[in-house]
Amino acid sequence: MRIKKTKATSLSCAAFLGGTLFTPLHAWAAQAGAIAGSAMPVHIPAQSMGSALDALGQQTHTMVVYTPDAVKNLQAHAVNGVFTPHDALTQLLAGSNLESIEKPGGGLIIKKNKAGKAAKKSARKEPDDAETVFSVGHRYVKAEKRTSNIVMDSIAYDPYENLGGNSSIASSLVLLPGVTGIINGDEPRYVSVRGVGPDLNHTTVDGLTMASIGETGSGTRRVNLQDTPVEMTSRTNVYKSFTAEQSGDAIGATIDLIPMSAFDHKGFYAHLDGYGIYSTYKGSVGSNGMKGYSPHLGAGEKANISYRFGKEKQFGIIISSRYQDRVTNQTGSSSGFQYFDKSGKVLSTKTDPTTNPNWNGRMAPSSYTNSEYANMVTTLGGSGKLEWRPVGTNIKASILGWTYRRSENVMGDMDVYNLNNTIQNQTDNSGTLPVKSMRVRRIQSTYSRNSNGIMGHLDWKQGKHSVVVRAGYTWEGYENYQPLEYINMSGKSLKNMTANYYGNATNGDIIRLTSLSNSVLQNGKWTAYKMQQQWRSAEEGIPTVRADYNYNTEYRARGFGVAAGFEWRELTLENNIDMAEYDTGFDMSKYAHYTHYVPSKWNLPYVFLNADGRKFDWSSLKQGSGKLADSIHDSKISDFRYKEDVVDGYLSLHYALKNTVFIAGVRVDNTDYSGYTPGVSNNIVSDSFSKKSGNYINPLPSFDFVHRFPWKMNIHGAYSRSIGRPTPSNIAQAENITCGTSDEDGGAACSISRGNPNLKPRKAHNFDFSIDQYFDHSQGMVSLAFFDKMIQDDIYTLRNLTMQDGVLYNVSQPMNATGSNIHGLELSVLDRSVALWGQFFDLSMNATWMQGNMKYVNSSGQQTRINHMIYQPDVLVNGAVTWHIPAIQGGLRATATYTDKYLTSIGSYASNNQGQGAYFMLNMAFWHKVYKNVSFRYEVQNLTGTRFSNVVGNKLQYTNNTSYLGRGIYFHVVLNSL
């Protein structure tokens, strides 16, 4: 709900956070939903109605919202006794011609009774009630930021304003300052915060750690926020500074998902959203010789149902669900590079050729690849929460559970032209090269990952004391069957084929092949080059218990306060891979499917390998002693297990003056871990595991102060120490071979990743300072934040491209850096009550500038400095605008995101550094009511048709890969029951 501005009085102050109303809003932020809660002493003397309502909000920790016009010239009589907030308000409003409306989140809206002397009707209608259900969440996040003793940002879950079919947490977080979306397809999957990688965020649900097994079960600490159960949340808080009261294993941010509550709603509530999806990019579907893949269409549903019951409505239940089946067909082109001297001879790549004084300054392709992916992504799951808030007590108890599953049916086709190093007719942007070999690949994946959790929460308050006990178990699993077939044409079969190329890798595109000298591919002999099957599975579980005690630490507390608590959690991970590799060299010509299909931005007719690996007769292939030995070796060497126990305790001292709060504390983090790695002797992998154990204990001190000026300005300064744990695979993984679909393989057909059991945890010194100015009666805010992080023993992944048996591998291994530093500025502006040209808008904009560096030892043993950290863009700019259109009881929303290029991995020398290219993305949605509780919503994702790119080079200046998925068009039918 939003209050209208009129000529008589500027009611932007009444848009729920006006002037004198902010005091009860702070109290409400401390205890939302107390309206139907316990009885408590209420002492309100006779006074003006506005002052009496303010006093009621303060004493009952309830948000009470009213317009100045509604309470003008009204007097309230005294109310004294023990009342529930609802009963006290009833006493206060008796005989006043005022009525109260309870809104989700526990807020009370006071307005004139229609039967009384009604105020003049505004010419502008209110926004749709279905939309206003979520407006309390938007106000809550602003109130929480303003009252928090931690530098933080927050974003509410709003199915109208959270764009994307999944309306995922990742898609919403990228609209916050300092947050970078790590893209998967056309949606962010992970986020880095303040230029620090996603493995260094600590992601929780209601304060309890979420399990994460990584992309392929290898075990990382980055939580998949693309398919995290957003429907069960009311908001997501991103804590950027750290006190002793938070988990100490975060350097980027602590990301806490706050579950939705049935007490956010008055009684029964339902929000049902069914939608269809049209994906504009068809790709190779229908041309690749395969059936069963949809070229365009998908569908989904999202639902939330909430109900409060019991004699005194002391029980609540809320259920959410999600289903989506979406097409994400994709095309990508990539180019390897080779460099020539001024006489036309190829330069060695054992050292950086771009620093060779004989380099002619030009780049030519060493290979040219196009990848076509037909993909169906299915997500299915739900959550349930049972709550109990007995009347007459200060107890809140709940049990929350969820299960979500994401499965993908992927078919990836690839054409690879490997080019010789004898160049002809080279100019700055073009040339001719002999084709050494042509390879065609088909890889299929039928993989699924499931995320689950169950947790209990008990909250008790008495006066200045509060105790919160939480316990839960989260777990995640991964399974995948992946057949892979490669065929090859080379030698005489190519009949001296040459390829012409054109392009400049420095202008955002790649070097592409434009034509071939002959068309022998459709009649030549194709032989089996690589034939294998792979089965992967992984399970990770994290039980957690934590207890927190607070005395006199809430907002508006005065004097000394204390917070203390402990946390225990255990992480166990088991990863298993089985491989079956087969003899090659036999004739596969009958499977070569020559077509006239030409992919986007591709110039050559495509050749497909027309074999369904899931139905292929693998038993007909031979597995000689060499391939059998390879299969056994690669299966065993990739398995590992990991166990980690964390025990933390903390003590935090608070001292609060009228406008200033000081917090000093220390958290002690003790971690014991064990990695179980396959034993290897004389290149023979044993069935037993070798155990490598370790321990580290770190005191993590912190100091924090906040000063709140009377003119609605807050300043905040903080210092803290925190740690960043190595991922399980960093420690325990012996060697993992993957021939998959990663966009980070730099054009390589396969990747090899190895662990490093000698890694140390990162240690960070974090400095934060922010200044926040609130305006427009607290509906608007301008915030400027500065941060500086000095990181010891930072961990980076060193990558090398190497050729083994004619296959290009991307080899990676984690290493400790000598040290890293990053600092930056975040500017954020928002206002949710902008009246312009008689219309009503919500606006937000933020910009982030970052500068970082890392000192490390490269593969040659040399001390090296790079002026970036991994996952750190220099510039981020995000914006969103919502135009509310009361005439149609709907609105129009657009979100825009610009992300500068950033480093993803460090190469053996600077020119091999890899990164994500810069991109701009625009999404848009429009909705309107068509019936009483029915709305239609239309949405276009990636309206700009953005192509995503990978870049390489010492300044990430060369584009070596581009990919395109088209646009996603959604049509929603939304049902609301209020």
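So, a few notes on the structure that sits alongside this text. All values derive from a computational prediction rather than experimental measurement.

### As for the packing of aromatic side chains
Going through the model one piece at a time under the given rule, you end up with 29 aromatic pairs. Here tyrosine 368 and tryptophan 602 contribute two aromatic rings whose centre-to-centre distance is 4.8 Å and whose plane-to-plane angle is 20°, an arrangement assigned as stacked. One end of the pair, tyrosine 368, is in strand 19 (residues 359-388); the other, tryptophan 602, is in the loop between strand 27 (592-594) and strand 28 (607-609), with 234 residues separating them in the sequence. Under the relative-accessibility criterion, tyrosine 368 is labelled buried at 0%. When the ring of tyrosine 642 is compared with that of tyrosine 673, the centres are 6.4 Å apart and the planes differ by 20°; the resulting orientation is stacked. Here tyrosine 642, found in strand 29 (residues 640-656), pairs with tyrosine 673, found in strand 30 (residues 660-681); they are 31 residues apart in sequence, far enough to count as distant. Pair check on accessibility: tyrosine 642 and tyrosine 673 agree, each one buried. Taken together, the aromatic side chains of Tyr368, Tyr417, Tyr597, Trp602, Tyr606 and Phe608 make up a single cluster linked through ring pairs. Directly above the aromatic system of tyrosine 774 lies the positively charged group of arginine 146, at a separation of 4.7 Å from the ring centroid.

### Side note on the sheet that holds strand 14 (residues 254-259)
Adjacent strands of a sheet pair through backbone hydrogen bonds, lying either parallel or antiparallel. Pairing in this open sheet of five strands is mixed, and the strands run 8-13-14-11-12 from one edge to the other. Each having just a single partner strand, strand 8 (152-156) and strand 12 (208-209) make up the two edges of the open sheet. Of the strand pairs in this sheet, strand 11 (residues 202-205) and strand 14 are connected by four bridges, and their pairing is parallel. When the bridges of strand 14 are listed, threonine 203 appears paired with isoleucine 255.

### Observations regarding the environment of asparagine 758
Considering the arrangement of structural elements, one finds asparagine 758 in the loop between strand 34 (750-753) and strand 35 (762-775). Considered as a pair, asparagine 758 and glycine 694 are 64 residues apart in the sequence and their alpha carbons are 9.3 Å apart. In this view, asparagine 758 contacts Lys692 and Asn816; residues no more than four positions away in its chain are not counted.

### So, the nonpolar core
Grouped together as the largest cluster of nonpolar side chains are 50 residues, with contacts concentrated most on Phe337, Tyr417, Leu513, Leu521, Trp526 and Met531. When neighbours within four sequence positions are excluded, methionine 531 is seen to be in contact with Leu484, Glu485, Tyr486, Ala580, Glu581, Tyr582, Thr584, Phe586, Met588, Phe616, Trp618 and Leu621. Counting residues in hydrophobic clusters, the runner-up holds 29 residues, among them Tyr157, Leu173, Val191 and Val238.

### Focus on unusual backbone geometry
We note that lysine 495 has phi near 50°; this positive angle belongs to a residue other than glycine. Relative to the assigned elements, lysine 495 resides in the loop between strand 22 (465-490) and strand 23 (498-502). In the Ramachandran plot, asparagine 942 falls in the positive-phi region, its phi being about 60° despite a non-glycine side chain. Position of asparagine 942 relative to the elements: it lies in the loop between strand 47 (934-941) and strand 48 (948-952). Classification of asparagine 942 by relative accessible area gives buried; the value is 1%.

### Considering helix 4 (residues 85-93)
All of the buried residues in helix 4 are Pro85, Ala88, Leu89, Leu92 and Leu93. Projected onto a plane normal to the axis of helix 4, the buried residues spread over an arc of 125° and lie on a single side. In the stretch just after helix 4, glycine 95 is the one whose phi turns positive, near 75°.

### Concerning the side chain of histidine 716
The topology assignment puts histidine 716 in strand 32 (residues 713-724). Side chain to side chain, histidine 716 and aspartate 704 meet in a polar contact 2.9 Å long.

### Regarding the pattern of salt bridges
In the structure shown here, the tally under the stated rule is 34 salt bridges. Ionic pairing is found between arginine 362 and aspartate 428, a salt bridge with its closest N-O pair at 3.1 Å. Note that arginine 362 is positioned in strand 19 and aspartate 428 in the loop between strand 20 (395-419) and strand 21 (430-462), a separation of 66 residues in sequence. By relative accessible area, which is 28% here, arginine 362 ends up partly exposed. For the salt bridge of arginine 442 with aspartate 413, the shortest nitrogen-to-oxygen distance reads 2.7 Å. Taken together, the positions of arginine 442 in strand 21 and aspartate 413 in strand 20 put the pair 29 residues apart, joining distant regions of the chain. A residue is classified by how much of its surface remains accessible, and arginine 442, at 0% relative accessible area, is buried. Overall, the relative accessible area of 1% leaves aspartate 413 in the buried class. What you see here is one network of salt bridges that share partners, running through Asp249, Glu567, Arg569, Asp648, Arg667, Asp669 and Arg725.

Cut-off values and rules
- Residues numbered from 1 in each chain as written.
- Predicted model: local features only at pLDDT ≥ 70, side-chain atom pairs only at ≥ 80, totals over all residues.
- Heavy atoms only, no water.
- Phe/Tyr/Trp six-rings, centres within 6.5 Å; stacked < 30°, edge-to-face > 60°.
- Helix = DSSP H or I, 4+ residues; strand = E, 2+ residues; numbered from the N terminus.
- Buried < 20%, exposed > 50% of the residue type's maximum accessible area, 1.4 Å probe, protein only.
- Lys NZ or Arg CZ within 6 Å of the ring centre and 35° of its normal.
- Pairing = 2+ DSSP bridges.
- Contact = heavy atoms within 4.5 Å.
- Core = buried A, V, L, I, M, F, W, Y, C linked by side-chain atoms within 4.5 Å.
- Arc of directions from axis to C-beta.
- Polar contact = N/O pair within 3.5 Å; in protein donor to acceptor, adjacent residues only side chain to side chain.
- Salt bridge = Lys/Arg side-chain N within 4 Å of Asp/Glu carboxyl O.

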